[in-house]
Amino acid sequence: MYLRITYSNIICRQKVVIIVKKKTFMSSDNLPLKCLILIAFIGIIIFPQTAFTGAITGIKLWGATIFPALFPAFIITGCIIRLFPMNSGLSYIYIILSGLLCGYPLGAYLCGTYHSEHPDENISSRLAAFCNISSPSFVINYIVNQILYEKIELWKILLCIYTPVIECLVIIMFIHHKDIFCGINKNITTKKQMPFRISDIIDSSITDAVNNMLKLAGYIIIFSCLSQYIMLLPINNPVISTILCSITEITNGIFLCSRLNIDTTYICIIITAVNAFGGISTLMQTAGITRQNNINIKSYLYGKIILTIVSIVNAMIILLH
């Protein structure tokens, strides 16, 4: 009798576990994400060559463009942060200049690092969307030389891309000028114990740089594959597929924008908007690289939308007049 009760209890517990697992899978929590992962899994099984092509494209982009540009910058920035902790309002100037010169996603990474060391401040979260932008190297080598083929003057393109950024940054710094230049964070001490030996500083900086670059590689490959799958959709309108790819990933989106059958001036305006927004790929890269630093991704997204609108207005003024 005892054995029967024990066996029946075991069977009941197994049924309960199965029911709980089914309810957990079908629950509304993260249901869209679960569906997307299942769709991606099925897509890889049905169209493996598309996933392979997307992965190769992402690896080439990461290895030939992103890694050489950002890896040294991450190492040098890591050494600077450890040697000269960001404790004063002048650190915002360093964050802005580094973000504008080095490109995605160093600006957001520095904003997150500063915010983690100074949790009471909120300026860095507002700066992240505007100092996390494409580098001049990417703009010149890719957008100007490979996409637009110098059909529009370089100085006009640079004005279209960086004038809106400077305008938004100036407005933010003007609003918070008292906090920035009065040094409200002078009495806040950094939480991290800084290494004293130069070998420790370089070693820690290289380790952080490798982790960040590998994380970026993963995001770039995922969204490169997603762009390839978007091209498989039965969409006859090239404008719709271009919009979807531009929202997803910036590099492929800019390439497709250049193939639209419209005037080059309007193509440049669209490319300026795509570059300002950055795509969901750079949004996820920013979220992943600043996850431990409590950067508000919603505020970052709102800032990117504002920058996109301001960029369109500036590009129309510069190119159409």
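The rules behind the values
Residues numbered from 1 in each chain as written. Predicted model: local features only at pLDDT ≥ 70, side-chain atom pairs only at ≥ 80, totals over all residues. Heavy atoms only, no water. Helix = DSSP H or I, 4+ residues; strand = E, 2+ residues; numbered from the N terminus. Areas by Shrake-Rupley, 256 points an atom, 1.4 Å probe, with all protein chains shown as cover. Buried < 20%, exposed > 50% of the residue type's maximum accessible area, 1.4 Å probe, protein only. Contact = heavy atoms within 4.5 Å. Core = buried A, V, L, I, M, F, W, Y, C linked by side-chain atoms within 4.5 Å. Salt bridge = Lys/Arg side-chain N within 4 Å of Asp/Glu carboxyl O.

S.K.: Help me out: how do you make sense of the overall build of the protein chain in this one?
M.R.: Along its length, the protein chain carries 15 helices and 0 strands. About 18000 Å² of surface is accessible on the protein chain, with carbon and sulfur atoms providing 69% of the total.

S.K.: Would you explain the side chain of Ser241 in this entry?
M.R.: Among the secondary structure elements, Ser241 is positioned in helix 11 (residues 238-248). The exposure class of Ser241 is buried, given its relative accessible area of 11%. If we skip the residues at most four places from it in the chain, Ser241 touches Ile230, Ile235 and Leu256.

S.K.: Would you take a moment to explain the nonpolar core for this structure?
M.R.: Core analysis: the largest hydrophobic core is formed by 66 residues, its most contacted members being Phe74, Leu127, Ile143, Leu148, Ile157, Ile254 and Ile271. Residue contacts for Ile271: discarding those within four places in its chain leaves Ile143, Ile147, Leu148, Ile254 and Cys257.

S.K.: Just to check I follow, could you spell out the pattern of salt bridges for this structure?
M.R.: Oppositely charged side chains may form a pair once their charged atoms are brought near each other. For the coordinates displayed, the defined rule picks out 3 salt bridges. Arg82 is the salt-bridge partner of Asp208, the closest N and O atoms lying 2.4 Å from each other. A residue pair is termed long-range when its members are at least 10 positions apart, and Asp208 in helix 10 (residues 198-230) and Arg82 in helix 3 (residues 48-83) qualify at 126 residues. The exposure class of Arg82 is buried, given its relative accessible area of 16%. Linking Lys156 and Glu153 is a salt bridge whose minimum nitrogen-to-oxygen distance equals 3.9 Å. Judged by relative accessible area, which is 21%, Lys156 ranks as partly exposed. Residue Glu153 is classed as partly exposed on the basis of its relative accessible area, which comes to 40%.

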